[in-house]
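Architecture and fold: a report
Here is what each chain is made of, one letter per residue.
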Amino acid sequence: MFEGPVFELEEVGFSYGEVTALDGVSLRISPACFWGVVGPNGCGKTTLFDLLARINVPATGTISYLGRDIRGYSRKELAREIALVPQDFYINFSFTVREIVLMGRYPHIPRFAPPAARDLDVVDEIMELLKIDGFKDKYITELSGGERQRVVFARALAQETPVLLLDEGTSNMDIQYTLNLLDMVAHKVEAGKMTAIAVFHNINMAATYCRKLAFMKSGKVVLQGNTDEVLNEQSIREIFGIDCHVYFDDYVGARQVAFRRNRKL
Amino acid sequence: MAGRKGIFLLALLLVLVIIFSTGMGYIKISTLDVVKIIIARFYNDGHLLRGISNIFPYVIWEVRLPRILTSAIVGSGLSIAGVIFQGILLNPLADPYTLGISAGAAFGASIALILNISFLGMYSVPLFAFMGAVATLVVVMALSSSGGSVSSNNLILAGIIVAAILSAGISFIKYVADEQVSVIIFWLMGSFGSKGWPDVFLTFAFVLIGFGICIFFARDLNIMSLGDRSAFSLGVNTNRIRMTLLVTASLITAVCVAVSGIIGFVGLIIPHLMRFFVGPDSRKLLPASALTGAILLLSADTITRAVLPTEVPIGVLTALIGGPFFCYIFMKRRGVAGNV
């Protein structure tokens, strides 16, 4: 069993043609930890996730997964290690909800074999947990955006990987399901079964669930550390250029950020 | 298991349609005689042919079967290509001709026809059509790819641009063609007349190998409908598979067009139709579409060959038969399947 960090990024850089998207990013993601990534639009969060899931490989620097260069893994191996909930969840063909969730099991099923009993059990269990079993035989194309996103989330969970990457994976869900899903992820993280890294636009949601935060700006990680330490008025001003009030909320049990409208405009 | 039963029934239906249509035509041959003649050939048993006219085996073996089998194989090939194109372009409106393959083939054929190129005898035109199709594919791929990956939108756009240029070229050839213009137009509308065994073997080899490759990647094609990033994270190398399937489906299309001319509709409608019945899972959709496409195109060709008083271009007929049928299914299913 490997004891070191799950991900170790050293001076990672990436660019799309001439445009630099990531520049000298270094991060250590320890196991069984819920990380939140926060930053303005276009700061390189999705690019970072693409590198972590090895959809792209870094132009400079290295990424190690469990102590080994991530490029040394086969794509199939990684699919059993790292699941990604992407930002977009548009599906053009009328697969049923159940078929989509079952696709999450593909890395575990040989190419021409039918799904095993265990695969079907995992799928049923996850659909029940995410409360999508009520419409499991409906077509994905006739669901609402939020429902569709829950199905895509379920598909990633069905992969049963030790690492989960959420790229705004709850952006279209109502508050009930957002909490439901994040609770589930946090529960798995606290039980030591999972390491989660999530992009959040809602800073308060990030503060509520994540023990560690990484602030990104212009392709760099400018600040990282324990949420209790790095989340403060100064860091929010530096990253987003806005004023706010940061306080510890007893009801939430974590730091929260309050904003107010600018009346001077 | 219901899927397998359906496939078996479709295969059975195809065999029956082949046998029945072999008996139909200017010279009527009873179904029993058709079966006897085919069996006699396979078992080299002359006794079975007793009481059957001498010309019947010739009619069946040298005239009808090659045409019938070619039309079935082409129908099958176009449908397979349709499933693949719709799948990799993530666009249910795509068909085997979306990337301009047909325009390329038509351009190649037009050149061969207008320049009267005949160094390969009757295979000159198909060869030029095939070369035109493959050249178009190469240009479209080069236009749309960047750094080893191709996006659906770029492919469709590149296909449209190239097809537009080629269409203008074809129009120009027609304009200067004078008397040969009718030959070109007739070729473009497609026909299975005077097909021989080489056509059968050629198309069969391409379609069979192509089908094998497609069915091998069918599961990956399913996953790719989740979008590239999800597919990647599920262990599917989308770039490599998209390229492989694109080339495979294009070559199937190229050989079909080269042999039969441009037969529209089949490649677009059959995958749709089958998606209504077996769903979008490529592992079921591919075999179901291949068999149904064969049945439909063979039936259409039999109607134009043996039922109608004069032969109507097959491309026209497929649309005339398939269109209303599709409308009916579409209206019936629209409420159930939502946005298909």
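Quick notes on the rules
Residues numbered from 1 in each chain as written. Chains lettered and ligands numbered in written order. Predicted model: local features only at pLDDT ≥ 70, side-chain atom pairs only at ≥ 80, totals over all residues. Axes fitted to C-alpha atoms, helices over the stretch in contact; angles between N-to-C directions. Helix = DSSP H or I, 4+ residues; strand = E, 2+ residues; numbered from the N terminus. Parallel < 35°, antiparallel > 145°, perpendicular 65-115°, else oblique. Left-handed = near helix turned anticlockwise from the far one by under 90°. Contact = placed C-beta atoms within 7 Å. Expected span 1.5 Å × (residues − 1). Buried ≥ 20, exposed ≤ 12 C-beta atoms within 10 Å, placed from the backbone. Arc of directions from axis to C-beta. Pairing = 2+ DSSP bridges. Nonpolar A, V, L, I, M, F, W, Y, C, P; charged D, E, K, R; others polar.

1. Quick word on the packing of helix H4 (residues 101–114) of chain B against helix H5 (residues 124–144) of chain B
Residues and elements named next belong to chain B. For the pair H4 and H5, interaxial distance at closest approach is 7 Å and the crossing angle is 140 degrees. The angle between H4 and H5 falls in the class oblique. For the crossing formed where H4 meets H5, the hand is right-handed. Contact residues: Ile101, Ala103, Gly104, Ala105, Phe107, Gly108, Ala109, Ile111, Ala112 and Leu113 in H4; Ser124, Val125, Phe128, Ala129, Met131, Gly132, Ala133, Ala135, Thr136 and Leu137 in H5.

2. Notes on helix H2 (residues 31–43) of chain B
Residues and elements named next belong to chain B. With 13 residues, H2 extends 18 Å from end C-alpha to end C-alpha; this agrees with the ideal 18 Å at 1.5 Å per step. The set of residues buried in H2 consists of Asp33, Val34, Lys36 and Ile37. Down the axis of H2, the buried side of the element spans an arc of 165 degrees, and every buried residue falls inside it. The exposed set on the far side of H2, more than 90 degrees from its buried face, consists of Leu32, Ile39, Phe42 and Tyr43. Directly beyond the C-terminal end of H2, a positive phi value near 55 degrees is found at Asn44.

3. Some remarks on the sheet that holds strand S1 (residues 7–16) of chain A
All names here are of chain A. Taken in spatial order, the four strands of this open sheet run S2-S1-S4-S5, and their pairing is antiparallel. Bordering the open sheet on either side are strand S2 (19–29) and strand S5 (68–69), each of which pairs with just one other strand. Across seven bridges, S1 lies against S2 in antiparallel orientation. Bridge pairing in S2 places Ser15 opposite Thr20.

4. Brief notes about unusual backbone geometry
Residues and elements named next belong to chain A. Not every positive phi belongs to a glycine, and Leu66 is a case in point at roughly 50 degrees. With respect to the element layout, Leu66 can be found in the loop between strand S4 (60–65) and S5. Since 18 C-beta atoms lie within 10 Å of it, Leu66 is described here as partly exposed. Although it is not a glycine, Lys131 adopts a positive phi angle of roughly 55 degrees. Within the secondary structure, Lys131 sits in the loop between helix H4 (117–129) and helix H5 (145–158).

5. Observations concerning the packing of helix H3 (residues 55–88) of chain B against helix H8 (residues 197–216) of chain B
All names here are of chain B. For the pair H3 and H8, the least separation of the axes is 9 Å and the interaxial angle reads 25 degrees. Accordingly, the angle class assigned to the pair H3 and H8 is roughly parallel. For the crossing formed where H3 meets H8, the hand is left-handed. Where H3 approaches H8, its residues Pro66, Leu69, Thr70, Ile73, Val74, Ser76, Gly77, Ile80 and Ile84 are matched on the opposing element by Trp197, Asp199, Val200, Thr203, Phe204, Phe206, Val207, Gly210, Phe211 and Cys214.

6. Observations regarding the pairing of S4(A)
Residues and elements named next belong to chain A. Pairing between S1 and S4: five bridges, direction antiparallel. Residue pairing across strands places Phe7 opposite Tyr65, the latter belonging to S4. Bridge analysis of S4 against S5 gives two bridges, and the strand direction is antiparallel. Paired with Ser64 across the bridge in S5 is Asp69. Hairpin geometry of S4 and S5 is characterised by an intervening segment of two residues between the two adjacent antiparallel strands and by a positive phi of about 50 degrees at Leu66.

7. Considerations on the interface of chain B and chain A
Counting residues at the interface gives 21 residues for chain B and 25 residues for chain A. In terms of residue count, helix H10 (residues 228–233) of chain B provides more of the side of chain B that touches chain A than any other element does, four residues in total. Looking at the side of chain B that touches chain A residue by residue, the class counts come to nine nonpolar, nine polar and three charged.

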